[in-house]
Amino acid sequence: RFDEVLAFHKVGKRWIAPVKLGAEAFHIDTDGFPIYSQRFHRCFGFYHDLAAVVGEDGWYHIDESGSALYSQRYEFTGNYQEKVCVVMDAAGQYFHLNAIGEPAYDSRWQYCGDFRDGIAVVQADNGLSTHIRPDGYLLHDTWFSDLDVFHKGYARAKTRQGWCHVDKQGHAIYPERYASVEPFYNGFARCETDDGAMLIIDESGQLAR
């Protein structure tokens, strides 16, 4: 029995889960046995055969043998998604690492999220957000008060006037603005007006009948 357990994830041909026993965190196989000798303060699940861990000297990623992917240590590391991972350095700046643990680009951000279908949201020092590609280049040069990743071709975006949906060129796909919008689900999305009414629109912005 362990003090904490997280979900099993498949690594190669076996399933591995993060656990914690007392002050020690590590990974086990489906028989409950540790898969390496190293111990950490905290550890998380394997994604793309790499797991985020917290050691004496900070956050980093390990492989199945418990060995560090790189020598650098961070204040935070996310999980690898699409072979790219979010990290935060000692200065509080966010950026992405590539599959071998090197910075994927030169830019640094106030915050950034995971990549989905090759696109991620980043937030600049002025608080505005946009989309980038894995090489760090902007997908478009449109900036928003708040922004989401793309889902079924469109992303939720907040302008000064309110929420809407935008395409991959950063253009709103209809003129209306709402208090909130949900992602499109098979061509339709639910939106809330400023007076609290809930509407359903199609991808042209027209009310569903």
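Because the structure is predicted, anything quoted here is derived from the model rather than measured.

Counting buried positions over the 6 residues of strand S6 (residues 50-55) gives 6, a clear majority of the element. Side-chain alternation along S6 places Leu50, Ala52 and Val54 on one buried face and Ala51, Val53 and Gly55 on a second face that is also buried. Relative to S6, strand S5 (residues 42-47) runs antiparallel, the two sharing 4 bridges. For Tyr47, the partnering residue across the bridge sits in S6 and is Leu50. In this structure, the hairpin formed by S5 and S6 is closed by a connection of 2 residues, where His48 is found at a positive phi of approximately 55 degrees. Direction of pairing for S6 relative to strand S7 (residues 58-62): antiparallel, over a ladder of 5 bridges. Bridge pairing in S7 places Val54 opposite Trp59. What sits between S6 and S7 in their antiparallel hairpin is a turn of 2 residues.

What follows concerns unusual backbone geometry. Positive phi, normally seen in glycine, also occurs at Asp49, with a value near 65 degrees. As for its placement among the helices and strands, Asp49 is situated in the loop between S5 and S6.

On to the environment of Tyr137. Along the polypeptide, Tyr137 turns up in the loop between strand S13 (129-132) and strand S14 (146-151). Measuring from C-alpha to C-alpha, the distance between Tyr137 and Ser107 comes to 9.1 Å, with 30 residues separating the pair along the chain.

Now for the state of the cysteines. Summed over the entire model, instances satisfying the criterion amount to 0 disulfides. Distance from the sulfur of Cys85, which forms no disulfide, to the nearest cysteine sulfur (Cys112) is 9.2 Å. On the basis of relative accessibility, which here comes to 0%, the residue Cys85 falls in the buried class. Cys191 provides the cysteine sulfur closest to Cys164, a residue in no disulfide bond, and the two sulfurs are 9.7 Å apart. Looking at Cys164, the relative accessible area reads 0%, which means it is buried.

Quick look at the nonpolar core now. Note that soluble globular proteins tend to have their nonpolar side chains buried in a common cluster. In this structure, Ile62, Leu97 and Ile132 are the most contacted members of the largest nonpolar core, which totals 36 residues. Elements with a contribution of two residues or more to this core: strand S3 (14-21), strand S4 (24-28), S5, S6, S7, strand S9 (85-88), strand S10 (94-97) and strand S12 (120-123). It is S9 that contributes the most residues to this core, 4 residues altogether. Phe144, Val149, Phe184 and Ala189 belong to the second largest nonpolar core, which has 20 residues in total.

Another point: the pattern of salt bridges. Tallying each qualifying case throughout the model produces 5 salt bridges. The salt bridge involving Arg73 is made with Asp57; its shortest N-O contact spans 3.2 Å. Placement of the pair is Arg73 in the loop between S7 and strand S8 (76-77) and Asp57 in the loop between S6 and S7, with a sequence separation of 16 residues. In this structure Arg73 comes out as partly exposed when scored by relative accessible area, which is 22%. The salt bridge partner of Arg190 is Glu182, with a shortest N-O separation of 3.1 Å. You can call Arg190 partly exposed: its relative accessible area is 41%.

The rules behind the values
Residues numbered from 1 in each chain as written. Predicted model: local features only at pLDDT ≥ 70, side-chain atom pairs only at ≥ 80, totals over all residues. Heavy atoms only, no water. Buried < 20%, exposed > 50% of the residue type's maximum accessible area, 1.4 Å probe, protein only. Helix = DSSP H or I, 4+ residues; strand = E, 2+ residues; numbered from the N terminus. Pairing = 2+ DSSP bridges. Disulfide = S-S within 2.5 Å. Core = buried A, V, L, I, M, F, W, Y, C linked by side-chain atoms within 4.5 Å. Salt bridge = Lys/Arg side-chain N within 4 Å of Asp/Glu carboxyl O.

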